[in-house]
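Here are the chains, one letter per residue:
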Amino acid sequence: MPNFLRHIVGLVTATLTTSVVGSVFSTQSVISSLQSLDVDVPLATRLSMTVGDLAILPSLLPIVAMCFIVGFIVTAFCVRYIGGNRTAWHIVAGAVALITTLLIVKAVLLITAIAGTRSLLGLLSFGFAGAIGGWVYAKITTQTSAGI
Amino acid sequence: MKKLSVTLLLLTGLASAAINAQHSATETDDYYTSVVASGFDQAWAHEFLPNGDILVTERVGNIKVVRDGKILSQAVSNVPESYYAGQGGLLDIMLDSDFSNNRTVYLSYAFGSPDGNATRLISATLDASGDSYSLDNINTLFTASPLIQTPQHYSGRIAQMDDGSLLLTIGDGFDYREQAQRLDSHLGKIIRINRDGSVPADNPFVAQQGAKPEIWSYGHRNHQSLVIADGVVYQNEHGPKGGDEVNIIEAGLNYGWPVITQGRDYNGASVTPYTEYPDMQQPLVDWTPSIAPSSMTFHLNKLYVTSLAEESIHMLTTDGETINDQGIVFEAIEGRIRDISVGLDNHLYVLTDGDQAELIKITQTRLK
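About the thresholds
- Residues numbered from 1 in each chain as written.
- Chains lettered and ligands numbered in written order.
- Predicted model: local features only at pLDDT ≥ 70, side-chain atom pairs only at ≥ 80, totals over all residues.
- Heavy atoms only, no water.
- Helix = DSSP H or I, 4+ residues; strand = E, 2+ residues; numbered from the N terminus.
- Expected span 1.5 Å × (residues − 1).
- Buried < 20%, exposed > 50% of the residue type's maximum accessible area, 1.4 Å probe, protein only.
- Contact = heavy atoms within 4.5 Å.
- Phe/Tyr/Trp six-rings, centres within 6.5 Å; stacked < 30°, edge-to-face > 60°.
- Lys NZ or Arg CZ within 6 Å of the ring centre and 35° of its normal.
- Pairing = 2+ DSSP bridges.
- Axes fitted to C-alpha atoms, helices over the stretch in contact; angles between N-to-C directions.
- Buried area = accessible area lost by both parts, 1.4 Å probe.
- Salt bridge = Lys/Arg side-chain N within 4 Å of Asp/Glu carboxyl O.
- Polar contact = N/O pair within 3.5 Å; in protein donor to acceptor, adjacent residues only side chain to side chain.
- Disulfide = S-S within 2.5 Å.
- Core = buried A, V, L, I, M, F, W, Y, C linked by side-chain atoms within 4.5 Å.
- pLDDT = per-residue confidence, 0-100.

Draft legend 1. Local environment of helix α3 (residues 57-81) of chain A. Residues and elements named next belong to chain A. The end-to-end C-alpha distance of α3, which contains 25 residues, comes to 35 Å, matching closely the 36 Å that a straight helix rising 1.5 Å per residue would cover. Here α3 has its buried residues at L57, L60, V64, A65, C67, F68, G71, F72, T75, A76, C78 and V79. For α3, the elements touching its buried residues are α1 (3-35), α4 (86-109) and α5 (120-140). Immediately downstream of α3, the backbone of G83 shows phi near 90 degrees, a positive value.

See below:
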């Protein structure tokens, strides 16, 4: 597979993975908040709501993609000029890119755009979703070490 | 005689031109509108004084005075500083039901700083001196707790019950929505206090351990309307993406947010899997998609609800137990509409939104 195409596939796969995982985490956080109010949420209801919330993907995908494009370009420079484990760099970059974006959005809009990230745990879980995306991207593009 | 007719015709034409210059009017078969005053910056509420002056609150922190169709150069002085950010700032104004004797006004506003802010209610006396007004004897009656760190969803609408006690809507602070269900928090509630800020002994949660005694109803999101008519308390509230509601409020009841709603988060995600749940009240009117209801008034046995997003006024009929949306009226009024009330002349007045807000009078030619 040509290098350029490999990066495109890596970016698309990473974006999709992070968006799905992030959406799932966010839904669990929202349900957890409801359960803290003694609201009963059976497993079937939880699953149904989790699947239904994937409806946010059309709005989430472009944002995550932009995060990763910026984050992975910066990572390419870090790998080249600082060195170290390329996969580790991308894992960190994925997490940092997602968390930074959410914090910037909150600073601009003065609200938390994704309810599941209102708590520190929710924010970190979204960062974890970003880290998974970074790992996916690194693995798919691992044979093109000179690239981003 | 001919000369007299021509003179009268000229005078009539000149008078008409002069009126049109001051008040741009729009006319339909059933009503016409005229701009009373314009140029308000982020107007939020208005109130009519017995002498005909109109007080208009601006969210930026001013109370402007409209007299004879003009905004006086001097705003009401000694207005407490409010926290102007997001949806915060100076909000509602209401005269006490015994204003002609006690000159008392009530103001709600966002109080605090980015690190900690809240909806606050004060009382003050409105002193008149020459052409100007000032606030005096300012008393803080209530400040919502806990403080929040998002400048959103203050609500802040004030109403007065027949016994003189005050109702105030407190929003959920946006990021704190679950607190609307917690009785140890004022967020997402309607609170009821006496004129002096004390708690009425018959409030529903006075005797409940850990509950805020001021709470009168709970499970609300961002409720910017509160109207009492014939002893019935009507309220409406913004849902998120969908789920705008009109409710009849009764003491001690749970109106569901965020456990039940027809709305979804702005990004499309679920707020909750439920649209109904035991012991939670269903709205009497639901607007999905949202119209963003901003204000409401009761006039000639009908409720009128203004909207920001739909840029409209809805007329609703009610028998005190049910409410039916009759649809949009006064379509000639354009733009986001912030506030509506009934003037001393028994006509409707609306305030538009934005940095060049207008106060518009609606004259109904076929009152029903």
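Draft legend 2. Molecular detail of the packing of aromatic side chains. Inspection of every chain in the model, using the stated rule, returns 11 aromatic pairs over all chains. Aromatic pair F25(A) and F128(A): ring centres 6.1 Å apart, planes at 20 degrees, arrangement stacked. In this pair, F25(A) sits in helix α1 while F128(A) sits in helix α5, placing the two residues 103 residues apart along the sequence. A relative accessible area of 25% places F25(A) in the partly exposed class. In this structure F128(A) comes out as partly exposed when scored by relative accessible area, which is 47%. With a centroid separation of 5.0 Å and 80 degrees between ring planes, the pair formed by Y31(B) and F330(B) is classed as edge-to-face. Of the two residues, Y31(B) is situated in strand β2 (residues 31-40) and F330(B) in the loop between β22 (323-329) and β23 (337-342); the sequence distance between them amounts to 299 residues. In terms of burial, Y31(B) and F330(B) fall into one category: buried. Over the ring of F111(B) we find R120(B); its NZ or CZ atom is 3.5 Å from the centre of that ring.

Draft legend 3. The sheet that holds strand β17 (residues 244-249) of chain B, seen in detail. Residue and element names in this part refer to chain B. On the basis of which strands lie adjacent, the open sheet formed by four strands has the order β15-β16-β17-β18 and antiparallel pairing. Either end of the sheet is taken by a strand with one partner, and the two such strands are β15 (222-229) and β18 (285-287). Neighbouring strand axes in the sheet, compared pairwise and without regard to direction, differ in orientation by 20 degrees on average. Strand direction decides the pairing type here: β17 and β18, joined by three bridges, are antiparallel. When the sheet's bridge partners are listed, E245 is paired in β18 with D286.

Draft legend 4. The arrangement of the interface of chain B and chain A in detail. With 24 residues of chain B in contact, the opposing surface of chain A contributes 24 residues. Carbon and sulfur atoms make up 59% of the surface buried where chain B meets chain A, a total of about 1800 Å² over both sides. A per-residue breakdown of the area chain B buries against chain A is headed by D175(B), E178(B) and N267(B), which together make up 29% of the total. Inspection of the region where chain B meets chain A yields three salt bridges. Taking the shortest distance from any N to any O, the salt bridge between D175(B) and K106(A) comes out at 3.6 Å. Inspection of the region where chain B meets chain A yields eight residue pairs in polar contact (both at pLDDT 80 or more).

Draft legend 5. Molecular detail of the state of the cysteines. Residue and element names in this part refer to chain A. In this structure the tally under the stated criterion is zero disulfides over all chains. The thiol sulfur of C67 is not disulfide-bonded, and the nearest other cysteine sulfur, from C78, lies at 16 Å. Taking the relative accessible area as the measure of exposure, C78 reaches 17% and is therefore buried.

Draft legend 6. Examining the environment of Y274(B) more closely. Locating Y274(B) in the fold gives a position in the loop between β17 and β18. When the C-alpha positions of Y274(B) and A357(B) are compared, they lie 39 Å apart, and in sequence the two are 83 residues distant. Ignoring any residue separated from it by four or fewer positions in sequence, one finds Y274(B) in contact with V39(A), D40(A), V41(A), P42(A), T45(A), V259(B), I260(B) and T261(B). A polar side-chain atom of Y274(B) sits 2.5 Å from the main-chain carbonyl oxygen of D40(A).

Draft legend 7. Up close: the sheet that holds strand β12 (residues 166-170) of chain B. Residues and elements named next belong to chain B. The strand order β11-β12-β13-β14 describes an open sheet built from four strands, whose pairing is antiparallel. Only two strands of the sheet have a single neighbouring strand rather than two, namely β11 (155-160) and β14 (215-218). Put simply, the sheet's adjacent strands are angled 20 degrees from each other on average, direction ignored. Relative to β14, strand β13 (residues 189-193) runs antiparallel, the two sharing three bridges. For I190, the partnering residue across the bridge sits in β14 and is S217.

Draft legend 8. Spatial organisation of the nonpolar core. If you look at the biggest cluster of nonpolar residues, it comprises 42 residues, and the most contacted ones within it are L55(B), I63(B), V76(B), L121(B), L126(B), L135(B) and F142(B). Mapped onto this core, the elements with two or more residues apiece are β3 (43-48), β5 (63-67), β7 (90-95), β8 (104-113), β9 (116-129), β10 (132-143), β12 and β13 of chain B. Setting aside anything within four residues of it in sequence, one finds V76(B) in contact with L55(B), I63(B), V65(B), L126(B), Y133(B), S134(B) and L135(B). Of all hydrophobic cores here, the second largest spans 18 residues; its members include C67(A), F72(A), L102(A) and Y137(A).

Draft legend 9. Here's a closer look at the confidence of the model for chain B. Mean pLDDT over chain B stands at 93; residues scoring 70 or higher make up 92%. Here residues 1-23 of chain B is modelled with pLDDT under 50, and outside its nearest four sequence neighbours on either side it reaches four contacts, counting other chains as well.

Draft legend 10. Here's a closer look at the environment of I71(B). Residue and element names in this part refer to chain B. Considering the arrangement of structural elements, one finds I71 in strand β6 (residues 70-71). Overall, the relative accessible area of 28% leaves I71 in the partly exposed class. Residues I71 and I122, spaced 51 residues apart in sequence, show a C-alpha to C-alpha distance of 25 Å. Here I71 is in contact with A37, S38, F40, K64, V65 and V66, once residues within four sequence places are set aside.

Draft legend 11. Broad picture of the confidence of the model for chain A. Averaged over all residues, the pLDDT of chain A is 94; the fraction at 70 or higher stands at 96%. By mean pLDDT, the top-scoring element of chain A is helix α2 (residues 43-52) of chain A (98), and the lowest-scoring one is α4(A) (95).

Draft legend 12. Structural detail: the pattern of salt bridges. Within the structure shown, the criterion is met by 17 salt bridges over all chains. R264(B) serves as the salt-bridge partner of D53(A), at 3.5 Å between the closest nitrogen and oxygen. You can see D53(A) sitting in the loop between α2 and α3 and its partner R264(B) sitting in the loop between β17 and β18, one on each of two chains. R338(B) is the partner of D353(B) in a salt bridge, and the nearest nitrogen-oxygen pair spans 3.3 Å. With D353(B) in the loop between β24 (348-352) and β25 (357-364) and R338(B) in strand β23, this residue pair connects regions lying 15 residues apart in the sequence. Here D353(B) matches R338(B) in class, with each residue buried. In this structure, a network of salt bridges that share partners links the residues R118(A), R177(B), E178(B) and D265(B).

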